[in-house]
Each structure stands twice: as C-alpha cells, then as structure tokens.
2 protein chains.
Amino acid sequence: MRDVASRLADRLPADRLLLDDDSLRAHRHDRSGWEPAGLPSAVVTPRSTAEVQAVLEVANETGTPVVVRGAGTGLSGAATATAGELVLSTAALNAITELSAADQLAVVQPGVVTAELDRAAGEHGLRYAPDPASVEISTIGGNIATNAGGLRCAKYGVTRDSVLGLEVVLADGRVVRTGRRTVKGVTGYDLTGLFVGSEGTLGVVTSATVRLRPAPAETATVAAFFDSVEKAAAAVGRLRVQPAIAELLDADALEAVDAAQNTSFRARGAAFLLVQTDGHGAGAEAELVRADLAPLATGVEVTTDPAVAGELLAARRFALPSLEKQGRVLIEDIAVPRARLAEAVAAIAAITRRHGVTAATLAHAGDGNLHPIFVIDRAAAEIPEAVWAAAGEVFETALRLGGTLTGEHGVGVLKRKWLPGELSPDTLALHHSVKRLFDPRGILNPGKAI
Amino acid sequence: MRDVASRLADRLPADRLLLDDDSLRAHRHDRSGWEPAGLPSAVVTPRSTAEVQAVLEVANETGTPVVVRGAGTGLSGAATATAGELVLSTAALNAITELSAADQLAVVQPGVVTAELDRAAGEHGLRYAPDPASVEISTIGGNIATNAGGLRCAKYGVTRDSVLGLEVVLADGRVVRTGRRTVKGVTGYDLTGLFVGSEGTLGVVTSATVRLRPAPAETATVAAFFDSVEKAAAAVGRLRVQPAIAELLDADALEAVDAAQNTSFRARGAAFLLVQTDGHGAGAEAELVRADLAPLATGVEVTTDPAVAGELLAARRFALPSLEKQGRVLIEDIAVPRARLAEAVAAIAAITRRHGVTAATLAHAGDGNLHPIFVIDRAAAEIPEAVWAAAGEVFETALRLGGTLTGEHGVGVLKRKWLPGELSPDTLALHHSVKRLFDPRGILNPGKAI
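Residues numbered from 1 in each chain as written. Chains lettered and ligands numbered in written order. Predicted model: local features only at pLDDT ≥ 70, side-chain atom pairs only at ≥ 80, totals over all residues. Heavy atoms only, no water.

Caption draft 1: Representation of the pairing of strand β10 (residues 204-211) of chain B in the model. Residues and elements named next belong to chain B. When you tally the buried positions in β10, you get eight out of eight residues, the bulk of the element. As paired strands, strand β8 (residues 163-169) and β10 are joined by six bridges and run antiparallel to one another. Considered in β10, the bridge of G165 is made with T209. (Buried < 20%, exposed > 50% of the residue type's maximum accessible area, 1.4 Å probe, protein only. Helix = DSSP H or I, 4+ residues; strand = E, 2+ residues; numbered from the N terminus. Pairing = 2+ DSSP bridges.)

Here it is, written out as structure tokens:
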C-alpha cells in the first residue's frame, strides 16, 4: 500500500488522500450491518473526472481493489471496504452541473444527494421521480449503483428509467460516454442500463444525465385498514388504476410506529395500506381505489388535505427508524409478481413463526416489493442462525413465486450465496465474462454483486 | 453452404429449411430500401428454442452469418441478408405463451405481431404500451431488436421499458434467461436492456416477458394548426402536462395526406399538431394543452368524440403511405432534446432547400423524435447523392443539438458511417468488445448496428 499511496500522492493534490485511522474507520461500513474484515488502506476523494482517471490508473497498474462509495447508505454491503482496499469517495463530486427546465433534464455529479436534485427540479415545476426511502441521505451515484427504487416506481419507474446517459471511467482509466440527452435513442448498445445497478463492479460513474418530469398538479391519498395483512395484500390486486404510491405495513410495523411516534395506527387494523394517486385525475382515481379496496377493508378514507396525508405518509417513513428502536435490524428486499403478494406475506409470517424470529413487513405493494425487517436483540454479537435460516426461506419463497432476491437494494455481499437460485449457471457465467471484459484485473468492488 | 444446409437438415425436421429461390428472394429485404448483394443461402424457420439452438450451433461451428428476421418491416437495413447468409425467421415462433391479467404481464414468442398482443391484453382491460407505427405488421421480436418506440413513448416509454425479461439463445447455442416477472428487480446486471436494441447482433430472443398496463379510462384529443412548423414545434415546448401522444406534421406532409386521402388539412394551416391526453384527468389536461398552445396557434380545438379523434389520428397514420404514393421514400429518424425541436425543424427545412431535395417532416414531438421523409423520383435507380448529402447534414444537425442519429429505427446498415459522430472511439471500441464477448466468431448479423 505504501506504493499505491505514494503513486496516488504523485498524481493528486495532497488533500485528496485520507490515511488517518478515523477516516479509514468512517469509510468501511454501509448500513447493511455487514462487518468488513480489517480497515481499508486509504480513502481518496477525487474532485474531477481526470482525478478519478488517475485513481483508477494507479489502482489498475498496482492491482489494488477499489470500492466506490457515495453516502454509505447501502443495505446490502456493496459499499463496505476490507483490509487493503482503496475507498473512492464521491463526496467531493457533488455539483449539479446543469438543470434544463426546457429540456426536462439535469446533469449531475455522482455525489449529489438525491433529494437536493429533486428540490432543485421543484423550483421549475419539475421533479426527479425515483424516491428511495433514503432520498434525503443517499446520493445519485449510489442510487445508480443499486438501480434504486422507492415509493413511486410502479407508476414512474426505477432509477434506470430516469437515467438518460452517463460518463463512466473504466477500470483502466479510459472515459466512455453512454446514452444521450434525449428521451428516445437507439444508437449503440444500452450500456447506460448495463452500468445502472452494477454496484460499482463495471466502472465509476462521474456524471449522469437524468430525466426530470412535470410535478403532478394534484395528489389524493387513500388510507385503508384491514384485519389481516393477507387481506390487505389481496386488495392491492383489485386496483384498476395505477397508483403513484401503494405502501403496506403489517401489524408488527404498526406497533413499532405507534410505540415510537405515539400514534394509534394498530388500533385501526392489523394492516395499513396507504395509496396515493396523482395528476389531474387524482380525485377520481382515489374514489376508484376506495371502491376497489372497500370490500376487503375494515375502513377506508380518502383525503386531499396535505396535513392529513402527511401524517399518514409519516407512518411509512418512520417505520424503519421505529423498528430500529426495538433492536438491530436486518432489512430484506424480495419482489414477487403483483398477484402473488398475498401469498408472499402469508409465507413470510409462517416462516418467521416457524423459526421463532421477529420480522415486521413493509411493502411497496404496487410493484410487489416486500421488505421483511428482522428485528434482533441488540446484545447479539452476530445475526442469529435462525434469522439467516428464515431469511433464506424468504428468498426461496420469492423465487418459488416467480420473484427475485432483491427488488431495489442490490446483491452486495449479503445475497451472493443465493444468486445461483435466481441465475442459471450459463447466465451467471455470462455475468462473470461481462465483468472480466470491463475489469480484466478485477479491481472494481471485487466479491460484490455477482 | 452445402455443408451448412446438410448439417441443418440433420438437426431439424425437413419443413424448417427453405432453399428455393422464391423463399430466398422473399427474405432478403426489409423496408429500408437497402439493396443487399446477392441472395441468402437458406431460410430456416425454427419452431422451438431447441431448434434455434440447433441452428446457432451449426452456424457457429461453420462460421455462417445469421440474420434474424421478424416481419421484415425494419427501416434501417438491419434485417437484410446478403449472399452466403442464413436467414433465421421467427415467423413460426408466434405464440402468446401466457397472458396473466393478475400479474399484468404476458410471455410471448418473438414472432407475435405486436398489435395482436395488444388486442389480447385489451380483452382484460390492459394494453401493451409501445405502439410503433408498424404495430399491425411488425413483431415483438423485431420491436425488441430495434427497441422500437412509437406514438406513446414520451408518457409510457419505449419497448425496453415494457420488457421485463428474455430468453435468449447465444451465438454458441447456450440459452440464458435474463430479468424476471416482477416490475422491480436488481439481481445481476441488466442484460435484458443490453439485448433490447442490439439489432440481432448479440443473441436470438426466443421468448419475452412483457409488462402490460391498465388501458386508460378516458382520452381527449387536441388538434392545433399553426402558420409555420417552427411555431408548432415551439408550442410543444410550452406544454405543462405530459401528453400521451404529441404528433407534428408539416405542410408537405399535410399536402400529401390531402392528395391521397381527399382531406383538407393543409387549408387549416402550414403545420398540424395532434395531442392526446389520457387517464381520469384527460379532459382537464386537454384544456391545459389548449391554453398552452393557443398563443402560437391559428386554431385549436378539443374533442372527446372518438370519431373526430379517429379522423385526426388517421392523418398521422396515413402520412407515410400518402408520401409513398408520391415517390420512393427515405425515412430518417433523428431525435433532439425537447427544447431544440423548433431549431431542428428549421434546420431540416434549410438543408432540404439548399440541396434542392424534397422532404416532409413527421415528428413524435413529445419526445423530440423527428422523421424527415425524403421523397425521391421513383424512376431513380439509386438514392441521389443530393439526398444522401442532405441526410448527412440532418444527422450532423441532430448531433450538434445534443441529439442522436436514430430515435427508434436503429442503425442497421444505413447509419453505420455516421456512428463515429455520436460514439467516441473508446465508446465504440467498448461496443465492439461487448460484441466479441457475446459472439466471438462474429456470426450474428455481421456488419450491422455497430
């Protein structure tokens, strides 16, 4: 590492390289709970594409593994760094380079916090549609690395659907530009889509051209309560309109929210389904949603009062922090086809009962994306075997129902061992050959994602 | 070729192989007007994934070039076949394998005609959103190969946005499955997106899982006329809502329609902008569209009468056939950022004037995708030099305005020479290395797309 540090020092201004123990410790974890072995050897904070090129040239020449890091809010361990690895932080690449209201797009560096971009767009009546729950703390670069989803994807798509083009530094330091500034375009292969979701294993994004959309003129909110989470899940399948948001919380989640926020959601039902419609037909659509949910619900109400809607949405936004007050959490992230949601929630409940573990379930119900949150005694040194066993059965359930191991958080390190359940040997081999093509020396986030 | 034909005959039932001159002639052109050299050596019509594997194994072992062909409606020459090439027709792979209204998806073979899928979805209140103008004659496989767009993409996305997963036979006969049955999912790299738009150069799609969406409850149509196409294009930039459709026709296109269809659109203005809004807010949005367009228009009307809307849409749908009655056509396909539409139409008009050539312009104005249609004397043996020179300047204009050579038709053979204007040497080199990885012997549609 002496060699790498001195080579980097030759190529970069002195303040770009952090070697002190505090910096190394601060850049080794993400929010997955994964405990990496040892300390990374250095943290480097480039301020330009040319500086990222210099970092990768040195890393490639010396065969040094590089972990690209945005805000470190990832939930799968993809941004964790172990002994000997070099952390490339995008913290100083945090400019909104351009925001064109006329072209409905922005050009941003990877370290921009997602909510900041959305607020900047809001000044022009536009918005950046993808809204992962971490939107206030995560970065565009991290969102691109995981192809982040969020609450609004069923209607407005995931991160990939909002990325028009990228500037990427390849493992050997070459710079490529993919995509374009237009909504449509088919020149060349879709390398933009290939980089999105590749968890830092194929290249380092140094700039992204993202699509902005008109902010909706109106929003209406439907709150429905059910006497079981299975009924709530089944009700989602009855919806005739495409909601902007459809969030499901089970009884354990509601109890956690009530305990932490001094609310009384659990008294209203054993499951809560929050649906939002938007656009000029929001009111009419909300009435259709009410009619679709009513036969299975114990109560449904529609509101267009922003204050009431805000209180209802707060239950969803505070669910994870509320569960984190009860213990250490392991956040899972399966997705199943739309009509299998009720089966999935029933299976999760049976699995947790059988293993004697605790899990609350939150779901982006509109797109079949479930987050079973395992809550573990904070005193436990490691995640108990019973929790891993239950998590494994949850993954098997997702695959059996035609779903996926991870809807929006990524594979990282936590889900690698289940990959062969979803990808056939030939498909996985193709992934590894793509990886070798882009990164022949294997320096980019080795051991992650695939 | 004796060798290849006899090897194929060993592996496949006899009726799969067509070697007669009529069949060979019928499978060498697409609709681009490109004249391939010589006749393909054989046409093979596999009826299963296993038969496609057999074809590719033989082709790969013998180094025989394979051109995959859907309905042959492509406009860039990607499906043309020259001497010695083997045409793999998907005509017999034409089943809708599954249509799940509950999961809002369908599983289809590549030879299914796109409009047939849409009609099948319609029986369940759903629709397949991508609607290229060729929807009644082109196939899903061809749409996937070109990442086809159409009228509704600005709101509902292009083909890539509706493809959830693929089964693909690789050049060496291995089968891989990409993607999933869920709307969200981030396991592995986005190989689905990589195959979509690859124009038959990376693999042969044998099955696609596609997303269906609720059909809109209501539609409203706005017809606006302008005294210049530049004003019409500028008016599009004023829209505050996201229309489902925004189609622009210039004076030359209107004159062609009037001559062929006995209508009188040209008398109403020098440019026609047809906007449709949909969903429960369609009426309210149409009124906003009217208000946004009125200051620049010479007349605007809103209708919710399906008969009137049908007549207006017919002008757009008949524009190309009407132009084809005037001569041989060369259909171009640039896209520019939203706000540069007016500049683009003005530049196209200046270019055609300067070169003394005739071109009418149709545009998917909502997403900046312009189709200048050059009309050439049918007696001309080849496309005149002046037309190619004008087309070249149109491409340069698109790139200068931050746009792309091809919005939805693909590069094929017609646009290869302009590729280096859009893709840098390093980016193009990366494309070629991806191609070599997927197809080391270069048998899949050689000389096309990249």
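Caption draft 2: Spatial organisation of the interface of chain B and chain A. Every contact between the two is made by 77 residues of chain B and, on the other side, 77 residues of chain A. The junction of chain B with chain A conceals about 6200 Å² of combined surface from both sides, 59% of it contributed by carbon and sulfur atoms. Taken as a group, K184, V186 and Y189 of chain B account for 16% of the area that chain B buries against chain A, more than any other trio of residues on that side. Our count for the chain B to chain A interface comes out at eight salt bridges. Remark: the boundary between chain B and chain A carries 31 residue pairs in polar contact (both at pLDDT 80 or more). Elements represented by at least two residues in the side of chain B that touches chain A include exactly α6 (153-156), β9 (175-179), α7 (191-195), α10 (282-293), α15 (419-422) and α16 (425-438) of chain B. No other element matches α16 of chain B, which puts nine residues into the side of chain B that touches chain A. Looking at side-chain class alone, the side of chain B that touches chain A contains 30 nonpolar, 28 polar and 19 charged residues. (Contact = heavy atoms within 4.5 Å. Buried area = accessible area lost by both parts, 1.4 Å probe. Salt bridge = Lys/Arg side-chain N within 4 Å of Asp/Glu carboxyl O. Polar contact = N/O pair within 3.5 Å; in protein donor to acceptor, adjacent residues only side chain to side chain. Nonpolar A, V, L, I, M, F, W, Y, C, P; charged D, E, K, R; others polar.)

Caption draft 3: Highlighting the packing of helix α8 (residues 229-236) of chain B against helix α13 (residues 341-355) of chain B. Residues and elements named next belong to chain B. Direction vectors running N to C along α8 and α13 enclose 160°, while the axes themselves pass 7 Å from each other. Classified by the interaxial angle, the pair formed by α8 and α13 is roughly antiparallel. Judged by the twist between their axes, the crossing of α8 over α13 is right-handed. Side by side, α8 and α13 meet where V229, E230, A233, A234 and V236 of the first sit next to L341, A342, V345 and A346 of the second. Of the residues in the contact of α8 with α13, the class split is eight nonpolar, no polar and one charged. (Axes fitted to C-alpha atoms, helices over the stretch in contact; angles between N-to-C directions. Parallel < 35°, antiparallel > 145°, perpendicular 65-115°, else oblique. Left-handed = near helix turned anticlockwise from the far one by under 90°.)

Caption draft 4: Main features of the side chain of S89 of chain A. All names here are of chain A. Along the chain, S89 falls in strand β4 (residues 86-89). For S89, the side chain forms a polar contact with the main-chain nitrogen of A91, separated by 3.1 Å. When sequence neighbours within four positions are dropped, the list of residues in contact with S89 reads H27, V43, V44, T45, P46 and R69.

Caption draft 5: Representation of the domain arrangement of chain A within the structure. Residue and element names in this part refer to chain A. Here the domain parsing of chain A yields domain 1 (2-89), domain 2 (96-214) and domain 3 (219-400). Its C-alpha centre places domain 1 at a distance of 23 Å from the equivalent point of domain 2. Listed by partner, the interface residues are 14 residues for domain 1 and 14 residues for domain 2. Across the interface of domain 1 and domain 2, roughly 1100 Å² is buried in total on both sides, 66% from carbon and sulfur atoms. Considering only the surface of domain 1 that becomes buried against domain 2, T49, L56 and T73 emerge as the three largest contributors, covering 35% of it. Applying the counting criterion to the domain 1 and domain 2 interface returns zero salt bridges. Across the domain 1-domain 2 interface, the total number found is two residue pairs in polar contact (both at pLDDT 80 or more). Considering only residue class, the side of domain 1 that touches domain 2 consists of six nonpolar, six polar and two charged. (Domains from an automatic or database assignment.)

Caption draft 6: Just the relation of the copies chain B and chain A, in detail. Of the two same-sequence chains, chain B is brought onto chain A (RMSD 0.0 Å, axial shift 0.0 Å) by a rotation of 180°. As the rotation angle and translation indicate, the two copies are arranged about a two-fold axis. Considering only C-alpha atoms, the part of chain B nearest the rotation axis is G281 of chain B, at 1.9 Å. Comparing interface residues between copies, 100% of those in chain B also lie at the interface in chain A; the contact surface is shared. (Least-squares fit on C-alpha atoms with pLDDT ≥ 70 in both.)

Caption draft 7: Highlighting the environment of G38 of chain B. All names here are of chain B. Here G38 lies in the loop between α2 (21-26) and β2 (42-44). In this structure the C-alpha to C-alpha distance between G38 and C153, which are 115 residues apart in sequence, comes to 37 Å. Sequence-distant contacts of G38, that is, excluding residues within four places in its chain, are made with R28, A81 and A83.

Caption draft 8: Molecular detail of helix α4 (residues 114-122) of chain B. All of the buried residues in α4 of chain B are T114, A115, L117, A120 and A121 of chain B. On its buried face, α4 of chain B sits against β5 (96-100), β6 (105-108), β7 (126-127), α5 (140-146) and β10 of chain B.

Caption draft 9: Looking closely at the UniProt feature "domain: FAD-binding PCMH-type" (unreviewed entry) in chain A. Following the UniProt record, one finds the feature "domain: FAD-binding PCMH-type" (unreviewed entry) at residues 36-215 of chain A. Spanning residues 36-215 of chain A, this segment combines 24% helix with 24% strand, and its end C-alpha atoms are found 41 Å apart. (UniProt positions renumbered as here; feature names shortened; annotations may be inferred.)

Caption draft 10: Representation of the sheet that holds β6 of chain B. All names here are of chain B. What the five strands build is an open sheet, ordered β5-β6-β10-β8-β9; its pairing is antiparallel. The sheet is open, and its two edges are formed by β5 and β9, each paired on a single side. Pairs of neighbouring strands in the sheet enclose a mean axial angle of 10°, with direction left out of account. The pairing of β5 with β6 spans four bridges and is antiparallel. Its bridge partner being in β6, S100 is matched across the sheet by L105. Strand contacts of α4: β5, β6 and β10, with the helix running at about 35° to β5, the strand carrying the most contacts.

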